[in-house]
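# Residue-level structure breakdown
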Amino acid sequence: MPLLKTWQLIAGSAAVGLALSVATVSAAGPWDSGQRKAERDRVTSWGRTGGADHGAGPLPQPAPSAPGVLGAVGPGAVRGQAAAAPEGLGAALGPLLADRALGTVRTASVVDTATGQVLYESGARDAMTPASTVKIATAVAALSALGPEHRIRTSVVRGAASGQIVLVGGGDPSLTARKKAPAGSGGSLVALAADTAQALKAAGTASVSLGYDDSLYTGPARHPIGVNPNLALVTALTADEGRPDESASGPVERSEDPSKDAARAFAALLAERGITVTGEPARAKAPADAPPLAATLSTPLAGLVERMLTNSDNDIAEALARQTALASGQPAGFEGAEKAVAARLASLGVDTAGSRFADGSGLARADKVSAGLLTGLLAKAADPGRPELRPVLTGLPVAGFTGTLRARNAGSSPAAGLLRAKTGTLTGVNSLAGTVVDSSGRLLAFAFLTANSPAPEGAEKALDKLAAAVAAAS
């Protein structure tokens, strides 16, 4: 048994990284919080943020698994039936799925990513409210539309009025006004102010008025659920996720005008660098095609996706949904993002029937996805032919170690260190979807969606038992 456990841990590390072998994992290291340090340093420009209802080099090589065509991920076994399950998997999952702690509706899908074979199904095509597991769909759509190296620009241009400059928001959810950025460079109003001041002084300008342009996004900035400490107003110009304190994660009351607050912070930073800003910052429209005086870029999209998934960051999720809309020629609001995400996923060949992507974060109960869709997306992310989707796998929390799974399936659980998954929690709704290396070395994708659960604690424990059973499958 100890030898088997050691072998499993080696396989689990390989699933997290590049290949199912000790040598490859060692070569890919060192590691930190479930991500390779080199990869993290490449893509990370800020610290952990968000936390919702629970919490320039070569592209990285793809994770092992599925071929480009997943023929078995489609119509299959009817609800309650298992399809070609490995010995013991069906027998183990059936009774666990019947646990009353999971509520009155439970669906499941388990797929072998290397072959596309459906290993277990129960209502796998039934559309359910997914809660935060919809972030998997948001991540896949954004990476498909923009690529993992894409960076979001925040810039400063000269305004239409004499002596005016305009701070132009590009929707960077990692933008910070803190002088000591959480990590690395990029997405910094401090750096942007320094570069802007230098450009103004070089042009002989010592005094300006400041406008700010957040018009890139359209429609309501407030999420349909209303005021919520888990999400700021969704605007194209927000610093530190609209947090009025020094927090970097978790629920907190947000700014009622994040765009203006970001502009005020920028004005103060300019003043510290010898540029006088007259009057209060005011909303203004940047002249079309105005050349930038200065610009700052977000961390690459791969890093944003990883942060979003690891910490269940709602602010990043909504920003990425809108970036997907922009890349798809849709208006950058809730409706445009919904259309863009749905179209991107359909273009990948997954079955989106019955799905709805009312938001990017999963806070909306109007969201609908199936367990089969989630496993299909995870298998796509594991496809060696789609390395651009790899951050979907590397960003998932590791059971017992990172993010929203730090305290779940920990210790002696057969899933500890082997399982990576996205959690989902709303009142009465609990879900879990991710990947795990089983005892025979296969990388499996799984999704469990439930509704009408009596209490979140019991539902989470029941979901963890299901995931552990998949990890122990042989």
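Whatever comes next refers back to the structure up there.
Residues numbered from 1 in each chain as written. Predicted model: local features only at pLDDT ≥ 70, side-chain atom pairs only at ≥ 80, totals over all residues. Heavy atoms only, no water.

## Notes on the sheet that holds strand 6 (residues 164–168)
Here five strands make up an open sheet; going across it, the order is 8-7-6-5-9 and the pairing mixed. Each edge of the sheet is formed by a strand with only one pairing partner; in this case those strands are strand 8 (276–283) and strand 9 (292–297). Averaged over all adjacent pairs, the angle separating strand axes in this sheet is 20°, with direction ignored. The pairing of strand 6 with strand 7 (residues 207–213) spans five bridges and is parallel. (Pairing = 2+ DSSP bridges. Helix = DSSP H or I, 4+ residues; strand = E, 2+ residues; numbered from the N terminus. Axes fitted to C-alpha atoms, helices over the stretch in contact; angles between N-to-C directions.)

## Let's talk about unusual backbone geometry
Even without being glycine, A131 reaches a positive phi, approximately 55°. Positionally, A131 belongs in the loop between strand 4 (118–122) and helix 5 (134–146).

## With respect to helix 10 (residues 334–347)
Under the 1.5 Å per step criterion, the end-to-end length of helix 10 is 20 Å for 14 residues, consistent within 8% with the ideal 20 Å. The complete set of buried residues in helix 10 reads F334, G336, A337, E338, A340, V341 and L345. The inward-facing, buried residues of helix 10 abut helix 5, helix 9 (314–327) and helix 11 (371–381). Once helix 10 ends, the next one or two residues include G349, with phi positive near 90°. (Expected span 1.5 Å × (residues − 1). Buried < 20%, exposed > 50% of the residue type's maximum accessible area, 1.4 Å probe, protein only. Contact = heavy atoms within 4.5 Å.)

## A look at the pairing of strand 11 (residues 429–437)
Every other side chain in a regular strand lies on the same face of the sheet, so the side chains alternate between the two faces. For strand 11, a buried count of nine out of nine residues is recorded, marking the element as mostly surrounded by other parts of the structure. The alternating pattern of strand 11 places V429, S431, A433, T435 and V437 and N430, L432, G434 and V436 on opposite faces, both of which are buried. Pairing between strand 10 (residues 419–426) and strand 11: eight bridges, direction antiparallel. Its bridge partner being in strand 11, T425 is matched across the sheet by N430.

## Describing the nonpolar core
Core analysis: the largest hydrophobic core is formed by 42 residues, its most contacted members being L320, L345, F357, L377 and V392. Secondary-structure elements contributing two or more residues to this core are helix 5, helix 8 (301–311), helix 9, helix 10, helix 11, helix 12 (391–394), strand 11 and strand 12 (443–451). The dominant element in this core, judged by the number of residues it contributes, is helix 5, at eight residues. When near neighbours in sequence (up to four residues on either side) are disregarded, F357 contacts V134, A137, E338, V341, A342, L345, D367, V369 and L373. (Core = buried A, V, L, I, M, F, W, Y, C linked by side-chain atoms within 4.5 Å.)

## Description of the packing of helix 5 against helix 8
Axis separation between helix 5 and helix 8 bottoms out at 10 Å; the angle between their running directions is 180°. Considered as vectors, helix 5 and helix 8 are oriented roughly antiparallel to each other. Facing K135, I136, A139, A142, L143 and L146 of helix 5, the residues of helix 8 in contact are L301, V305, M308 and L309. Considered class by class, the residues forming the contact of helix 5 with helix 8 number nine nonpolar, no polar and one charged. (Parallel < 35°, antiparallel > 145°, perpendicular 65-115°, else oblique. Nonpolar A, V, L, I, M, F, W, Y, C, P; charged D, E, K, R; others polar.)

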